[in-house]
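Each chain, letter by letter, is given below.
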Amino acid sequence: MANNVVIVGGGTAGWMTATYLRAAFGDDVGITLVESKNVPTIGVGEATFSTVRHFFSYLGLAEHEWMPECHASYKLAIRFENWRAEGHHFYHPFERPRNVQGFSLADWWLHTRPGEQFDRDTSLLAALCEAKSSPRHLDGAMFTSGFGATDEPAKAAEDGRETQFPYAYHFDAALLARFLTRFGTERGVRHVLDDVLDVVLDDHGDISHVVTREHGALTGDLFIDCTGFRGMLINKALGVPFESFRESLPNDSAVALRVPVNGEKAGMRPCTTATAQDAGWIWTIPLFGRIGTGYVYAGDYCTPEEAERTLREFAGPAADGLAANHIKMRIGRCAQSWVRNCVAIGLSSGFVEPLESTGIFFIHNAVEQLVKHFPGGRDDEHRRRTYNRQVAAVMDGVREFLVLHYYAAARDDNAYWRDAKKRPLPDGLAERIEAWGHQLPDAESVFPRFHGFEPYSYTAMLLGLGGLPVRPPAALSRMDDTAARREFALIRDQAQALAQRLPSQYAYLAHQQNAS
Ligand code: FAD
């Protein structure tokens, strides 16, 4: 039985885990979180995935209660710039293409070519990103026209998988950690500010306690390793091997800046932007009052000094004099994220580069699965096995999706981008790519286990990246395309009307800030 849980680490992973477990079990499970005053958090991790709303709703938090405090903004899509060719951009929106006569509008688009840009011809969200619109009206009502999205949160992301929700959030990671610290401690999480010096195992090899500098031994039944890339409990104390993904995903470094910006003047595009570079890509994350930006690159192709120079040129004079945060990334995952009485959550468990903003999604998924498989004495071995299989599959699936980004990108103007087409593909991906050349991705042809990304995401990337051949289904040439053409026209009209009627994202967030 796990009556007392000790969480080591107070970054996003530690506090998301503490607050979620508290919301799930209340006083029935004691939770202690110990975090170091001396070891900083990673300090990045500001873009999320659309299922993250279930995390906040699980905690009973409405947007107006946490967004202003975390300088949060909306994310409707990822905008990919220069991945296909210099000057080209496309969106990967949180939006499934509509269906017409049993075929996805993506198939119809390939067949009828109603315009030049797949995303803008089939998606409302792409238009809202172009117009820098808010997905909500000033009275808080969400746009729903033609989308079918609902404001009703499901109790957990798993319940909500069927429902497409049109946005995720950006937020300041440090402010979110501060917000969750207060939220958690007010609800009974015991917070210890101290360094963990040692992890002590009992005769069976389970963790019996951790030794802190000032608070002595902290004992528990279940230990959660949220120590980030260090993996202090899972890797160092318990010796669980870390399986690197470097062979297929070579980006292993990042440099980040926090740049103040006047959002009223500049506008705030409601999406993350990923701009391709010579040895990786730069993220741009618009928050209320500043931009988070960083260059994710492969150390084999670019030095930290070159990366910082490139990032500063990209950010412009607003970044002059600001300190840059250089980060070494451990890409891959633990062979098992749960061994004995220790569960690794967050960067200690695994990480793939942040191209599709999946770090926080991994944390959310892990903590949901932990609640579902919470130890109860009997059958714990079975629970551990099922848990490990699920969290590993999520990371493996995302790895495949990310490898596809580089492999399918038309860009091949230097060694970095050319080599991306020659690296060994993870198991099964080559076969899937072959299949997508005949038929756009569907539930049968993408990575077969849940990993957050649906076939439509693969389609958006294939059609946007433009480096791999794709074909419309032969059947469409024998069908009347009137209904599909009507749908394309409808989307165009709806997109125009929405972009005119919705407030700008800046106006909405300023209104939210003033009301809080
Ligand atoms: P950390 O933030 O590193 O926290 C570790 C904690 O452990 C700290 O509190 C530290 O004090 C504590 N600790 C360590 N050692 C000890 C000790 N001995 N005693 C006591 N305490 C200790 N994810 C996204 O979802 N979206 C993104 O856009 C995104 N961008 C990213 C960009 C980069 C470059 C990187 C590297 C990651 C990004 N991530 C992103 C991932 C995201 O940042 C992490 O998943 C998230 O911040 C969780 O980190 P963590 O809590 O696991 O680790």
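A.B. asks: Got a minute to help me understand the overall build of the protein in this structure?
C.D. replies: Across its full length, the protein holds 17 helices and 23 strands. Scaling as 2.2 N^0.38, a compact globule of 516 residues should have a C-alpha radius of gyration of about 24 Å, and the protein matches this with 23 Å. If you take every contact in the protein between residues at least 6 apart in sequence, the share linking residues at least 24 apart comes to 76%.

A.B. asks: I keep staring at the packing of helix H12 (residues 380-408) against helix H15 (residues 455-465) and nothing clicks. Help me out?
C.D. replies: If you want to describe how two helices pack, look at the angle between their axes and the distance between the axes. For the pair H12 and H15, the least separation of the axes is 9 Å and the interaxial angle reads 15°. In terms of their interaxial angle, H12 and H15 are classed as roughly parallel. You can see that H12 and H15 cross each other, and the crossing is right-handed. Contacts between H12 and H15 involve Gly397, Phe401, Leu404, His405 and Ala408 on the former and, on the latter, Ser457, Tyr458, Met461, Leu462 and Leu465.

A.B. asks: Where do I start with unusual backbone geometry in this structure?
C.D. replies: Trans is the prevailing form of peptide bonds, just as negative phi is the prevailing case for residues other than glycine. We note that Arg113 has phi near 45°; this positive angle belongs to a residue other than glycine. Mapped onto the elements, Arg113 comes out in the loop between helix H4 (105-112) and helix H5 (118-122).

A.B. asks: I'm lost on the site of the ligand in this one. Help?
C.D. replies: The full set close to the ligand counts 34 residues, and Gly10, Val39, Ala47, Val196 and Ile360 are the nearest of them. Contact between the ligand and Cys226: an oxygen atom at 3.3 Å from a main-chain N or O atom of the residue. Starting from 1,000 Å² of accessible surface for the ligand in isolation, the protein chains cover 97%. Secondary-structure elements contributing two or more residues to the shell around the ligand are helix H1 (12-25) and helix H11 (359-372). Counting residues per element, the shell around the ligand draws most heavily on H11, which supplies three residues.

A.B. asks: Please clarify how the pattern of salt bridges should be interpreted in this entry.
C.D. replies: Oppositely charged side chains are able to pair whenever their charged atoms sit close together. As enumerated under the stated definition, the model contains 29 salt bridges in all. Arg246 is paired through a salt bridge with Asp252; the nearest N and O atoms lie 3.1 Å apart. Glu381 serves as the salt-bridge partner of Arg384, at 2.9 Å between the closest nitrogen and oxygen. Highlighted residues: Arg384 and Glu381, both in helix H12, separated by three residues, approximately one helical turn. Here the residues in one salt-bridge network are Glu46, Asp172, Arg258 and Arg290, joined through shared partners.

A.B. asks: What is the right way to look at the packing of H11 against H12 in this model?
C.D. replies: Between H11 and H12, the shortest axis-to-axis distance is 10 Å and the interhelical angle comes to 165°. Classified by the angle between their axes, H11 and H12 sit roughly antiparallel to one another. The chirality of how H11 crosses H12 is right-handed. On the side of H11, the interface is formed by Phe361, Phe362, Asn365, Ala366, Gln369 and Leu370, while H12 contributes Tyr387, Gln390, Val391, Val394, Met395 and Val398. The residue inventory of the contact of H11 with H12, partitioned by class, reads nine nonpolar, three polar and no charged.

What counts, and at which threshold
In this numbering scheme, every chain counts its residues from 1 along its sequence in written order. In keeping with the predicted nature of the model, local features appear solely for residues at pLDDT of at least 70, side-chain atom pairs appear and are counted solely at 80 or more, and the whole-chain, interface and lining totals rest on all residues. Heavy atoms throughout the structure, all of them, feed into the side-chain values; hydrogens and water do not. Starting at the N terminus, helices and strands are each numbered in turn, a helix being any DSSP run of H or I of at least four residues and a strand any DSSP run of E of at least two. To get the radius of gyration, use the C-alpha atoms; to get the globule rule, take the number of residues to the power 0.38 and multiply by 2.2 Å. Here, residues are in contact when the closest pair of their heavy atoms is within 4.5 Å. Each axis is a line fitted through C-alpha atoms, and for a helix only the stretch in contact is used; angles between axes span 0 to 180 degrees, taken between their N-to-C directions. Oblique is the label for any angle not under 35 degrees, not over 145, and not in the 65 to 115 range, which are roughly parallel, roughly antiparallel and roughly perpendicular in turn. Each crossing gets its hand from how the near helix is turned against the far one by less than a right angle, where anticlockwise is left-handed and clockwise is right-handed. Near residues are defined by distance, with any heavy atom within 4 Å of the molecule or strand qualifying the residue. Polar contacts here mean pairs of N or O atoms no more than 3.5 Å apart (in protein, one a potential hydrogen donor and the other a potential acceptor; neighbouring residues in sequence count only if both atoms are side-chain atoms). Using the Shrake-Rupley algorithm and a 1.4 Å probe, accessible areas are obtained, with residue cover drawn only from the displayed protein chains. The salt bridge definition used is simple: a Lys or Arg side-chain nitrogen within 4 Å of an Asp or Glu carboxyl oxygen. Ten residue types, Ala, Val, Leu, Ile, Met, Phe, Trp, Tyr, Cys and Pro, are classed as nonpolar, four, Asp, Glu, Lys and Arg, as charged, and the remainder, Gly among them, as polar.

These figures come from the coordinates and say nothing about function on their own.
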